[in-house]
There are 2 protein chains.
Amino acid sequence: MSTRHAPFLSAEKAAEVRERFGTPCYVYDRARLEATARRALAFAAPYGFTLRYAMKANPSRGILALFRDLGLHIDASSDWEVERALAAGFAPAQVQLTSQMPSRRVKEHVSRGVLLNACSLHQLELFGQAAPGHAIAVRINPGLGSGSTKRTNTGGPAASFGIWHEYLDQVKALAARYGLVIRTLHSHIGSGTDPEIWKRVTRMTLDIAARLPDVKTVNLGGGLKVGRMPHEDSVNLEEVAWHVRSELEAFRARDGRALDLELEPGTLLVAESGAVVATCVDVVDTGRDGYRFAKLDTGMPEIARPAMYGAQHPIDVLATGRPTVDVVFVGPCCESGDILTPAPGDPEALGPRAVPEPAIGDLVIVGGAGAYCAGMAMINYNSYPQAPEVMLEPDGTLRPLRRRQSPDQIVANET
Amino acid sequence: MSTRHAPFLSAEKAAEVRERFGTPCYVYDRARLEATARRALAFAAPYGFTLRYAMKANPSRGILALFRDLGLHIDASSDWEVERALAAGFAPAQVQLTSQMPSRRVKEHVSRGVLLNACSLHQLELFGQAAPGHAIAVRINPGLGSGSTKRTNTGGPAASFGIWHEYLDQVKALAARYGLVIRTLHSHIGSGTDPEIWKRVTRMTLDIAARLPDVKTVNLGGGLKVGRMPHEDSVNLEEVAWHVRSELEAFRARDGRALDLELEPGTLLVAESGAVVATCVDVVDTGRDGYRFAKLDTGMPEIARPAMYGAQHPIDVLATGRPTVDVVFVGPCCESGDILTPAPGDPEALGPRAVPEPAIGDLVIVGGAGAYCAGMAMINYNSYPQAPEVMLEPDGTLRPLRRRQSPDQIVANET
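No experiment lies behind these values; they were computed from the predicted model shown. (Residues numbered from 1 in each chain as written. Chains lettered and ligands numbered in written order. Predicted model: local features only at pLDDT ≥ 70, side-chain atom pairs only at ≥ 80, totals over all residues. Heavy atoms only, no water.)

J.: Can you walk me through the domain arrangement of chain A in this structure?
T.: Where interface size is given, it is often the accessible area lost as the parts come together that is meant. Residue and element names in this part refer to chain A. When cut into domains, chain A gives domain 1 (11-27 + 271-404) and domain 2 (30-270). For domain 1 versus domain 2, the separation of C-alpha centres amounts to 32 Å. In this assembly, 21 residues from domain 1 lie in contact with 20 residues from domain 2. Summing the contributions of domain 1 and of domain 2, the shared interface buries around 1,800 Å²; its carbon and sulfur component is 52%. When the area that domain 1 buries against domain 2 is broken down by residue, the three leading residues are Glu 272, Ser 273 and Tyr 372, summing to 31%. In this assembly, domain 1 and domain 2 are joined by two salt bridges. A salt bridge links Glu 393 to Arg 30, with the shortest nitrogen-to-oxygen separation between them at 2.6 Å. (Domains from an automatic or database assignment. Contact = heavy atoms within 4.5 Å. Buried area = accessible area lost by both parts, 1.4 Å probe. Salt bridge = Lys/Arg side-chain N within 4 Å of Asp/Glu carboxyl O.)

J.: What am I meant to see in the packing of aromatic side chains here?
T.: Given two aromatic rings, their pairing is described by the distance between the two centres and the angle made by the two planes. All names here are of chain B. Inspection of the entire model under this criterion finds 10 aromatic pairs over all chains. When the ring of Phe 43 is compared with that of Phe 49, the centres are 5.4 Å apart and the planes differ by 20°; the resulting orientation is stacked. With a relative accessible area of 23%, Phe 49 lands in the partly exposed category. (Phe/Tyr/Trp six-rings, centres within 6.5 Å; stacked < 30°, edge-to-face > 60°. Buried < 20%, exposed > 50% of the residue type's maximum accessible area, 1.4 Å probe, protein only.)

J.: Sorry, what's going on with unusual backbone geometry here?
T.: Only a minority of non-glycine residues have a phi that is not negative, and only a minority of peptide bonds are not trans. Thr 23 of chain A connects to Pro 24 of chain A through a cis peptide bond whose omega is -5°. With respect to the element layout, Pro 24 of chain A can be found in the loop between α1 (11-21) and β1 (25-29). (Helix = DSSP H or I, 4+ residues; strand = E, 2+ residues; numbered from the N terminus.)

J.: Quick question: what am I supposed to make of the relation of the copies chain B and chain A here?
T.: Mapping one chain copy onto the other needs a rotation about an axis and a shift along that axis. Once turned by 180° and shifted 0.0 Å along the axis, chain B lies on chain A with an RMSD of 0.0 Å. Such values leave the two copies arranged in the relation of a two-fold axis. In this assembly, 100% of the residues forming the interface of chain B have copies in chain A that are likewise at the interface, indicating an isologous arrangement. (Least-squares fit on C-alpha atoms with pLDDT ≥ 70 in both.)

J.: I'm lost on the state of the cysteines in this one. Help?
T.: Should the sulfur atoms of two cysteines be covalently bonded, the bond is a disulfide. Scanning the model with the defined rule gives zero disulfides over all chains in all. Cys 334 of chain A forms no disulfide, and the closest cysteine sulfur to it belongs to Cys 119 of chain B, at a distance of 6.5 Å. Residue class for Cys 334 of chain A comes out buried when judged on its relative accessible area of 10%. Not part of a disulfide, Cys 25 of chain B finds its nearest cysteine sulfur in Cys 373 of chain B, a span of 13 Å. (Disulfide = S-S within 2.5 Å.)

J.: When you look at the interface of chain B and chain A in this model, what are you seeing that I'm missing?
T.: At the junction of the two partners, chain B supplies 91 residues and chain A supplies 92 residues. Here chain B meets chain A over a buried area of about 7,700 Å², counting both sides, of which 54% is carbon and sulfur. Seen at the junction of chain B and chain A, the total is four salt bridges. Between Arg 104 of chain A and Asp 297 of chain B there is a salt bridge, with its nearest N and O atoms 3.6 Å apart. Viewed at the interface, chain A and chain B are joined by 30 residue pairs in polar contact (both at pLDDT 80 or more). (Polar contact = N/O pair within 3.5 Å; in protein donor to acceptor, adjacent residues only side chain to side chain.)

J.: I would appreciate a short explanation of the packing of helix α8 (residues 195-209) of chain A against helix α9 (residues 237-255) of chain A in the present structure.
T.: Residues and elements named next belong to chain A. For the pair α8 and α9, interaxial distance at closest approach is 9 Å and the crossing angle is 25°. Relative to α9, the element α8 is oriented roughly parallel. Seen from above, α8 lies across α9 with right-handed handedness. Taking contact as the criterion, the partners of Pro 195, Glu 196, Trp 198, Lys 199, Thr 202, Arg 203, Leu 206, Asp 207 and Ala 209 in α8 are, on α9, Glu 239, Val 240, His 243, Val 244, Glu 247, Leu 248, Phe 251 and Arg 254. (Axes fitted to C-alpha atoms, helices over the stretch in contact; angles between N-to-C directions. Parallel < 35°, antiparallel > 145°, perpendicular 65-115°, else oblique. Left-handed = near helix turned anticlockwise from the far one by under 90°.)

Following this line, the structure appears as structure tokens:
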């Protein structure tokens, strides 16, 4: 076992996880979560800077509390996320709701001081009716100039997120009708790793800000890509910051406004700080010309990204002195798609990994599992109970964040 | 509104669903569930026939109870599913466990009379150790002769399901060592709609049965495809039955054994009898050259198949007197993949539908949602509470099967 992908978990610690909490179990690393957050907080914005955690990436209360203590704010995607953020101790003014679903609690949010981001003309109208004269954010889809495709993205003509940029006059008219003050301009476009794209997005956003005189803050969303595998690219935050900074400074030079900046990362803040500790429960093969499969007790119910996107997660077999073999890792569900190592980007093909030959009972660690795993999984598929979550503290303590679901809880609402 | 895809739900009934249970809400149609089950029960097997419901498709207690009353048996995919089936009133001898995960309750299952299917050599060994002399089933992966690809499937070299056919001698040796009697041969291969494939699978399975003298039952699994859209093919059960029957008769002629048949459909039994009643919560567009989007309050948290596979579900907008327009339906999550109408087979591309122009507040019915929706969804993604389930009784009564999850329940296990 040469390279380890979840270095925060020693073999001894992984064994302790299994002993105390059973497998599968999510483990998060406080030290790494804090270090990652501090690095993001240091983003070199030229004027004010607010870091919002896109909590849909992992809404665990333990993670929310950690980020709250470090001074992060919250990007909430639903009324329910707002409640979870407040329950975790965030001040209402630290929470901004950016939701596809029009909120059903606009008045309540306004009265408490939760920030609202109008993601459609209809939402803008609702805000105006419920809170005339209020200061709000508006999410604009700035389009993507040449080269845009019909592929889905959170920006461009194939995306339903935000108000299409051509409707800016309607935005202004609606705001004026209700005396709404557009204080924040939001334009998340899921921009990946290319700093040139960030530069372009920033400029497009600022061109819109130029037409919205009350805007004091621009929010560029998240989409800061993290490569979970060694060969996958990760965004270079410093390079992004350099481009964004120069655009904001240029805007100030021509417009006069020194705009505050907001970013809303999810993956960037948590992906690499989480792992699933699992057990190899079986090893089978399909003959000399076939494949060797290691069956784990984790799969789609805890980590759906591979089955969904062909996403790649590092996998460590905690064994020593074994020959290296090619292995396809599969999950516990009776489902042909429950594969932890699909071919990259192709959930229907197999992507064997060279690992120490796995044996039944081995501890196996699936890395890169802090983002969109516990928060976005096929919970209870094949009736497996929801897995527990544990925080690894810097002193080595394992602190439970969530118990394993009981079978009774799965059916608790059945009548 | 010319064609309706979930004809069991009138506009009035859908409105009643929303009024009483809110949206999104799963609705199942007892009359259609019963009719579908009776048609499958009438499968023309030449000798004995057992119909097992693959309960992972939809483990709702209300549906389990309905099938129990009709005399169906159960295909359980995990220890937890066994418990749910027993809790729903199935006799242990009606429940067969076919699991990727080796059971942790072999002795308990045996003592109660739950049937066990050895899906790997390791499972076979576990059964032998726990219940020597017991009668069991064995799941074999019969391989797929020429033309098999590396694409995933539940059969063939790229599948981890069952014991590779080349290891039959090891199966026999292990069974002999523990005095296990191989009474059932199981060989699900997810065979789609082509009756020729069914014929071939049956013959391959019977060739293996010929080498297992104690086998009295062959189980051909499920994989009976149902087209949820008008243009999609559905399996022709009568045609499949004709092929399977002739193979079983030919086997008897050459071998002497009149083998009982088992089938284990999931989708076939429930897919078309379920719908999600939703509300159109917003309508946006991306300009003249872009798309029109209807945002629904249902999406990945209730129906993950489109986002996962590019699967197609019929969608009805319950509106009259509106012009027909092309609409992309999206879900409530801040997630570019939360699309209910992707291009067929391509979850990353958009597949607009021609529907009556949707308006905010419209009732919208997503059809074909009985299988792998409530049972296989991104529950709680974006912190949306799990949706309720309701049974539409033949007399028009809406009988609640499961309440909507409360926000408190989402975080109940957090410490």
